[in-house]
Every structure is written in C-alpha cells, then in structure tokens.
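# Structure at a glance
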Amino acid sequence: MIPENEAKRVLLRQLPRTDRVSADPSLDEMRRELGVATVTALTRKALDQARDRALLTQVVPGADEIVAAVRASAESLSRSRARRVINATGVVLHTNLGRAPLSSAAVAALTDSAVGYTSIELDLSTGKRGRRGAFMENALCQLTGAEAALVVNNCAAAVLLVLSALARGKGVVVSRGELIEIGGGFRIPEVLERSGARMIEVGTTNKTRLRDYERALDENDDVAVLLRVHQTNFRQVGFVEQPDLAELAALARSRGVLLVKDLGGGALVDLAEQGLRGEPVVSSCVDAGVHVLCFSCDKVLGGPQGGAIVGERSLMSTVRRDPLTRAFRLGRLPMVALEATLASYLAGNLADIPALHAIRRPRAEVLARVEAWCSELAKRGVQAVPKPFGGAVGAGALAENAIDSVAAVIDVADPDAVAARLRAGTPPVMACIQGDALYFDARTVLPTEDDDLLTAITAAVT
Ligand SMILES: *Cc1c(COP(=O)(O)O)cnc(C)c1O
C-alpha cells in the first residue's frame, strides 16, 4: 500500500509549475499591464486554490484551466481601475461616473500643479508660510456674499465638521421631515450622533412649523444649532409645510442659537431660467440670515470633489480650529481645480464649466447633434431615431426636474447584452435602457467624443 503522504505527493506533482503558468503567452498583455510580479502572485494564489481542490477531489486541474483562472483574476483586477467613460445617460452629475467633468481651465491648473511643485501654503511675496486655500476661500466669499469660507474633502465631511465644531455636547434641533439619507449610508441622525451632538426632533414627516422649533427651544436649554437639511434627492408634495429660511434665521438669532443649513448641491447661480427650480442659490441663503452653510463642489457648482462651508467669520474661526478640519482637508489637486472653476465664475464665464453648460444647453442644440448621430449611424448600417428623453441633473439634485432632452434611440433584441458590450468597450459607453431600446442622450456626451461613441455603438449593435 502506498502511504498517504506519498499519494498526496504524486497527486500534487501533476500541478504545473508557477513559472510555467505565469509565463503563458495568453498572459502577455496582463504581464505588460500589471507587471510580472503581480501576475506571478496571482498565479501562486490560483495554484494554492488548485492544490486545495485537488486534495479534496483527487482531481488535478489542467494547466489550461489554471492559466484561465489567473487570466480571469488579472483581468478583473485591471477592470477595477477607474477609466474614462462616455456618459450617454443624460445624467449630468452622475455620482457613479465621478459627477462633474472639469473645465479646460481646471484641467490646465491640475496638469500644471501635478507635474511639479505649487505654492499651496507659501506666500510668494514674503517667502514665508502662507494660508492654504486663500484664493478659493476669497472667491467663495465673493460669489456667495458670506464673510468667510473653508473647503474640505466633501459635503459629508463639511456637515460632520460643522456639527462637531459648533454643537458637540449640545442640542441640535432638526425637523422629522429632514432626517434623510443622502446615499452611501450618509444619514442625518447618524451624522449627528457621530458629531457628538444630541438630536432633538421636531414636527412631523410632512409638517414642521416655526412653533415646533420655538417649543424645542423653550423645552431644551442646551440647544446650540437649528439644522436645516435640503431635501436634495426627493420632494414632498401635497399637505406639507416648513417655515421659510428667513423666519427660521430670525428665530435662531432672537434666541441666541445658530442656524446651519446643509444644502447638498451648491448652486452659485440661479438655474430657474433653465427650468430647474428647487435648487436654492447659496447667496440667497446667506441673505436669508443662515449662520453657516455646507454644500458640495462637484454637484451643480460643477467643480472637483469638495465640500464648501461658508458663514460668519467668528463661527468659521471656531470651525477652522476643530481637529477634523485638518483630517478632512482638501487635497492639492482638487484645490487647484476648484480655484480654476471659481475663477470662471468670477469672470462670468459660466459656459466654460461643462456641467453648467450641459444643464443649460438648449434642446435644439441637443436635437441637432442627435440627428447628426442618427444619419451617421445609418451610413454604418445602424438604425437610430431621435426621440424626446428626460435627462437629469443627477447627484440627487433637483429631484423633480427632468431635463427636457433628446436621445438617439436604437431598438435591439437584447438591450442588456448590448449595454454590457458597450460597457466592455474602450472607452466604455454608458447608455440608458428603456423597454427594448437603448437611449443615447447627447447632452452629456462631450463634443470630442462623437467618433468614439458612434464607433462603439456600431460595434456593439451589429
Ligand atoms: C449630496 C449631499 C451631501 C453629501 O455631499 P458630498 O459632497 O457628496 O459628500 C450632503 N448633504 C446633502 C443634503 C446632499 O445632497
């Protein structure tokens, strides 16, 4: 009888050697992309699994099977890397696609800063240490009418920081209609708890009156903040009521507490002209008397990821001294991109900001582009027709406003399969599926992407 150990050895000897697998020609491309060491490490892992399986089943997988497993894990690693995507969804600020595309001025600033060194905390006139982010703060004050500003990593961080700095160990009054979840697990009650503040709920889901806030102030002597949270990603209609912002601000001021507003999206200009109502403009909230406001820099503002905090000078000094300010600080690259974006606002060049431009782009212009796509696709043997399409601002903003847009529509037998082929292309294309058709909205496709898009569609459909 063969001893058990000897049987094992005989079995495992049939496994291919590591270098034989990792040098397989079908892994050439992955070795170039990920490096030899990475492919070797993935090979060891695949061989370990093959060994375990062989001991369990007494069957040794063939070399081809193991090579295929290594290729699959290498390709999956490669695919997990962020890549440029053509956004034909019509959703201008698509959170899964990185929200706002940046202006060419922002891209130039990014490139300029990225390749070398930047006077990010240096005062060039004195040669001494300077104030980080001074320009973006000054620009935000100019554009919103606020006394002081600070920018951190994102709006979620801004809200946590402000509550922690201004209300830790104290009471925060918030309407039950505003205890919302923004997405990604960002829930107002949990953020309040984490900030160390005590939440005092008032009103009901649909109705909260000024009187409810007054009563909370009468009944609790530890209130520091009245918190107002913008209902960014949903709307209440019908039997609803909330005090207007100026009333609430007046109440806060008369009782010696602060009114803090989480705006989510930070519109620096009014988008009502584009039919997009319901997104408050930051400067009007400042005018209404709100003490401190938080808003995103990559939603309707159209910049890089960031969370702006604007408000009264003395309060902003308190916020700035909180240790979370340093922990949440904005990185150098988003900072220079934001400065360039804000400079476009200061100069009045709103058309330079791609997200704003996309939201404001006239329907006729989108239609003309879609018609041009359709006739080009016809030449390539693909039948597409222009149809009205409801685009969206996205990032939860302006929930009830669809943008009146136009899409090239292609009927296909299996839209999910075609969409998967489009996503697997280079560059990947994201479209919308409705019924048995694919919708490609021209509003969100960059002017330089027409050729790539039409080539991708032709390849995926035919
Ligand atoms: C989007 C949003 C946030 C989070 O903003 P980020 O910049 O994505 O962190 C917070 N509050 C509200 C009301 C929002 O709409």
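Going by the structure above, here's the rest.
If you're wondering where the values come from, they're calculated on a predicted model, not measured in any experiment.

### Examining the pairing of strand β11 (residues 307–311)
For β11, the tally of buried residues reaches five of five residues, placing the bulk of the element in the interior. With burial as the criterion, each face of β11 is covered, one bearing Gly307, Ile309 and Gly311 and the other bearing Ala308 and Val310. By the bridge criterion, five bridges tie strand β5 (residues 148–152) to β11 in an arrangement that is antiparallel. Following the sheet pairing, Leu150 is matched in β11 by Ile309. Across five bridges, strand β10 (residues 292–296) lies against β11 in antiparallel orientation. By the bridge assignment, Leu293 is partnered in β11 with Val310.

### Section: the site of the ligand
The local shell around the ligand consists of Arg99, Asn154, Cys155, Ala156, Ile182, Phe186, His230, Thr232, Asp262, Gly264, Ser296 and Lys299. The contact in question runs from an oxygen atom of the ligand to an N or O atom on the side chain of Arg99, over 2.9 Å. Within the side chain of Ser296, an N or O atom sits 2.4 Å from an oxygen atom of the ligand. Compared with its free state, where it exposes 380 Å², the ligand has 92% of that area covered by protein.

### Some points on the nonpolar core
Leu226, Phe295, Val310, Leu342 and Tyr345 are the most contacted members of the largest nonpolar core, which has 56 residues in total. Once you skip the residues sitting within four places of it in the chain, Val310 turns out to touch Leu140, Thr144, Ala146, Ala148, Ala149, Val282, Val286, His291, Val292, Leu293, Phe295 and Met316. Among the nonpolar cores identified, the runner-up in size contains 35 residues, and Leu150, Ala158, Leu161 and Val319 belong to it.

### Quick word on the sheet that holds β5
What the seven strands build is an open sheet, ordered β5-β11-β10-β9-β8-β6-β7; its pairing is mixed. Of all strands in the sheet, those with a lone pairing partner are β5 and β7 (198–202), marking the two edges. Neighbour-to-neighbour, the strand axes of this sheet turn through a mean angle of 20°, independent of strand direction. Direction of pairing for strand β8 (residues 223–229) relative to strand β9 (residues 258–265): parallel, over a ladder of five bridges. Residue pairing in the sheet places Leu227 in a bridge with Val260 of β9. Sitting on the sheet, helix α8 (residues 155–167) is in contact with β5, β6 (171–175), β8, β9, β10 and β11, with an inclination near 160° to β10. Across the sheet, helix α11 (residues 245–255) is in contact with β8 and β9; its angle to β9 comes to roughly 145°.

### A few points about the pattern of salt bridges
The final tally for this structure, using the stated rule, is 31 salt bridges. With a shortest N-O distance of 3.5 Å, Arg9 and Glu6 are connected by a salt bridge. Pair noted here: Arg9 and Glu6 are both in helix α1 (residues 4–13), with a separation of three residues, about one helical turn. On the basis of relative accessibility, which here comes to 30%, the residue Glu6 falls in the partly exposed class. With its nearest N and O atoms 3.1 Å apart, the salt bridge here joins Asp404 to Arg363. Taken as a pair, Asp404 in strand β13 (residues 397–411) and Arg363 in helix α17 (residues 363–379) lie far apart in primary sequence, 41 residues in all. Through salt bridges with shared partners, one network takes in Glu121, Arg129, Arg132 and Arg329.

What counts, and at which threshold
- Note on numbering: residues in each chain are counted from 1, in written sequence order.
- Note on the predicted model: pLDDT of at least 70 is required for a residue's local features to be given, and 80 or more for side-chain atom pairs to be given and counted; whole-chain, interface and lining totals, by contrast, use all residues.
- The side-chain figures draw on all heavy atoms in the structure; neither hydrogens nor water molecules are used.
- Accessible area is worked out with a 1.4 Å probe on protein chains only. A residue is then buried under 20% of its type maximum, exposed over 50%, and partly exposed in between.
- A helix here means a DSSP run of H or I that spans at least four residues, while a strand means a run of E at least two residues long, and both kinds are numbered starting from the N terminus.
- Here, a strand pair is defined by DSSP locating no fewer than two bridges between the strands.
- Residues are counted as near a molecule or strand when any one of their heavy atoms sits within 4 Å of it.
- Polar contacts, as counted here, are pairs of nitrogen or oxygen atoms within 3.5 Å of one another; within protein the pair requires one atom able to donate a hydrogen and one able to accept it, and residues that are adjacent in sequence qualify only if both atoms are side-chain atoms.
- Values of accessible area rely on a 1.4 Å probe in the Shrake-Rupley scheme; residue burial ignores everything except the protein chains shown.
- As used here, the term nonpolar core means buried Ala, Val, Leu, Ile, Met, Phe, Trp, Tyr and Cys residues forming a set that is joined through side-chain atoms within 4.5 Å.
- Whether two residues touch is decided by their heavy atoms; if any such pair falls within 4.5 Å, the residues are in contact.
- Note on geometry: axes are lines fitted to C-alpha atoms, helical ones only across the stretch in contact, with angles between N-to-C directions running from 0 to 180 degrees.
- Whenever a carboxyl oxygen of Asp or Glu lies within 4 Å of a side-chain nitrogen of Lys or Arg, that contact is scored as a salt bridge.

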